[in-house]
Amino acid sequence: MKYLTEFRNGEKARRLADEIRKRTTRNWAIMEVCGGQTHSIIRHGIDQIIPHEIELIHGPGCPVCVTPLEIIDKALEIAARPEVTFCSFGDMLRVPGSNRDLLGVKSTGGDIRIIYSPLDALRIARNEPDREVVFFAIGFETTAPANAMAVKLAKQHGVKNFSVLVSHVLVPPAIEAIMNSPTNRVQAFLAAGHVCSVMGFWQYPPLSIRYHVPIVVTGFEPLDILDGIRRAVIQLESGTAQVENAFDRVVTFDGNRLAQQVISEVFEVTDRSWRGIGMIPQSGWRLSQAYRNFDAETRFGVSGICTNESTLCRSGEVLQGAIKPHQCPAFGKQCTPRTPLGATMVSSEGACAAYFNYGRFLKAEVTA
């Protein structure tokens, strides 16, 4: 399959790993921003074939994982209402709230439906006008255009029983927050290629200059990631810091301007809380004033939510790159994909799920 099998060539991977090894003379810490990249790294053993001097730090690039507990609990409260049909992508259904998850709500009679596009939720709302249809709109910049378009079409067609619970987060402010952290160890970033396919990478040069940090826009296949690491190491070893596009078969500097246009029309930038990390200023989107009538949080008046994070789960430290998943005492014991304490164990992009599913640092007696 074009653009897939040729980026999984074992011989080319070994050559890239050899070049990285020859270029590396010091210890370097490189963060892959995206959870999809983390899964690819662990699945293909990329971190095991590069020099031990290079540490790959897993970043907060899993949108399911960073959705704050407060939003999850609001989703649970809305979804439990008898008049509501709650629509979500499948990866949100087992993310734990304070006391239960969406599957738990469904098991007690909640009308919760797995969909594959926000336009599916809009179609349900048009076909079932007697139901309040709510779509759980989460994600980084990648999912925002389709979510924005669903809201725009709902307004255009006068679909009044449709609303969205929004928890969008943005990558550049997260990078800035990481670099400003007093405990930061990251010296270079592998930027998420799919985010940049929408937004371009025009937002990254100021960050690279301000913090003197290499940023390499990187894809998700093994050769993509190895090439991203190679480019980052070359910059680190030479003392340079700039933005490179190693995913130019998909990403351009400007990105998708039409997608950005619909995003800017429907959403506006706001402060956003990240699960396990805390508040990052200007790091999210909410519905703009012109579309505020479609805000499920306002429509259903969900407020005063008291959250209750697990005292055993250290997923916040995993999301910040402070620890690796297996360094959490609950990993593979109290916390497994069947009994997750945090979103990083249940999400398809979560670092804990990657370590567990691919048997990394997992004791033989531990089973899923």
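In what follows, the structure referred to is the one given above.
Structure report, in brief. Positions within a chain are numbered from 1, following the residues in the order the chain's sequence is written. Whole-chain, interface and lining totals are the exception, using all residues; otherwise, since this is a predicted model, local features are given only for residues with pLDDT of at least 70 and side-chain atom pairs are given and counted only at 80 or more. With hydrogens and water excluded, all non-hydrogen atoms of the structure serve as input to the side-chain values.

**A few points about empty space enclosed by the protein**
The method works on a 1 Å grid over the protein atoms by themselves. A cavity is a set of points holding a 1.4 Å probe that cannot get out, a pocket is an open set with protein on both sides within 12 Å along at least five of seven lines, and residues with an atom within 4 Å of a point line them. Grid points are joined across faces, edges and corners, and a volume is the space filled by probe spheres set on the points. Here the structure, examined in full by the defined rule, presents 2 cavities of 30 Å³ or more. When its volume is computed, the largest cavity comes out at roughly 80 Å³. If you go around the largest cavity, you meet 14 residues; those closest to its centre are Cys313, Arg314, Cys328, Cys335 and Cys352. A helix here means a DSSP run of H or I that spans at least four residues, while a strand means a run of E at least two residues long, and both kinds are numbered starting from the N terminus. Of all the elements in the fold, those that place two or more residues in the lining of the largest cavity are helix 15 (315-319) and helix 16 (343-346). There is about 60 Å³ of room inside the second largest cavity.

**Section: the layout of surface pockets**
In this structure, the largest pocket encloses a volume near 310 Å³. Within the residue set of the lining of the largest pocket, elements represented by two or more residues are strand 2 (54-61) and helix 9 (171-180). In terms of residue count, the dominant contributor to the lining of the largest pocket is helix 9 (3 residues). Under the scheme applied, nonpolar residues are Ala, Val, Leu, Ile, Met, Phe, Trp, Tyr, Cys and Pro; charged residues are Asp, Glu, Lys and Arg; polar residues are all the others, including Gly. When grouped by side-chain class, the residues that make up the lining of the largest pocket number 12 nonpolar, 5 polar and 1 charged.

**Looking at the side chain of glutamine 235**
Inspection of the secondary structure assignment puts glutamine 235 in helix 12 (residues 222-238). Judged by its relative accessible area of 2%, glutamine 235 falls in the buried class. Here a residue-residue contact requires only that any non-hydrogen atoms of the pair lie within 4.5 Å. Excluding residues within four positions of it along the chain, glutamine 235 makes contact with Pro214, Val216, Thr240, Ala241, Gln242 and Glu244. Buried residues are those whose accessible area, probed at 1.4 Å on protein chains only, stays under 20% of the maximum for their type, while exposed residues exceed 50% and partly exposed ones sit between those limits.

**Observations regarding the pattern of salt bridges**
Whenever Lys or Arg places a side-chain nitrogen within 4 Å of a carboxyl oxygen from Asp or Glu, that contact is recorded as a salt bridge. Under the counting rule described, the total for this entry stands at 25 salt bridges. The salt bridge partner of arginine 230 is glutamate 19, with a shortest N-O separation of 3.5 Å. Of the two residues, arginine 230 is situated in helix 12 and glutamate 19 in helix 1 (residues 10-23); the sequence distance between them amounts to 211 residues. When its relative accessible area of 27% is taken as the criterion, glutamate 19 is described as partly exposed. With its nearest N and O atoms 3.4 Å apart, the salt bridge here joins arginine 81 to glutamate 77. When its relative accessible area of 25% is taken as the criterion, arginine 81 is described as partly exposed. What you see here is one network of salt bridges that share partners, running through Glu19, Arg23, Asp227, Arg230, Arg231 and Glu244.

**What to know about unusual backbone geometry**
Unlike most non-glycine residues, histidine 212 shows phi in positive territory, near 50 degrees. For histidine 212, the location among the structural elements is in the loop between helix 11 (204-211) and strand 8 (215-218). A positive phi angle, close to 55 degrees, is found at glutamine 282, a residue other than glycine. A relative accessible area of 43% places glutamine 282 in the partly exposed class.

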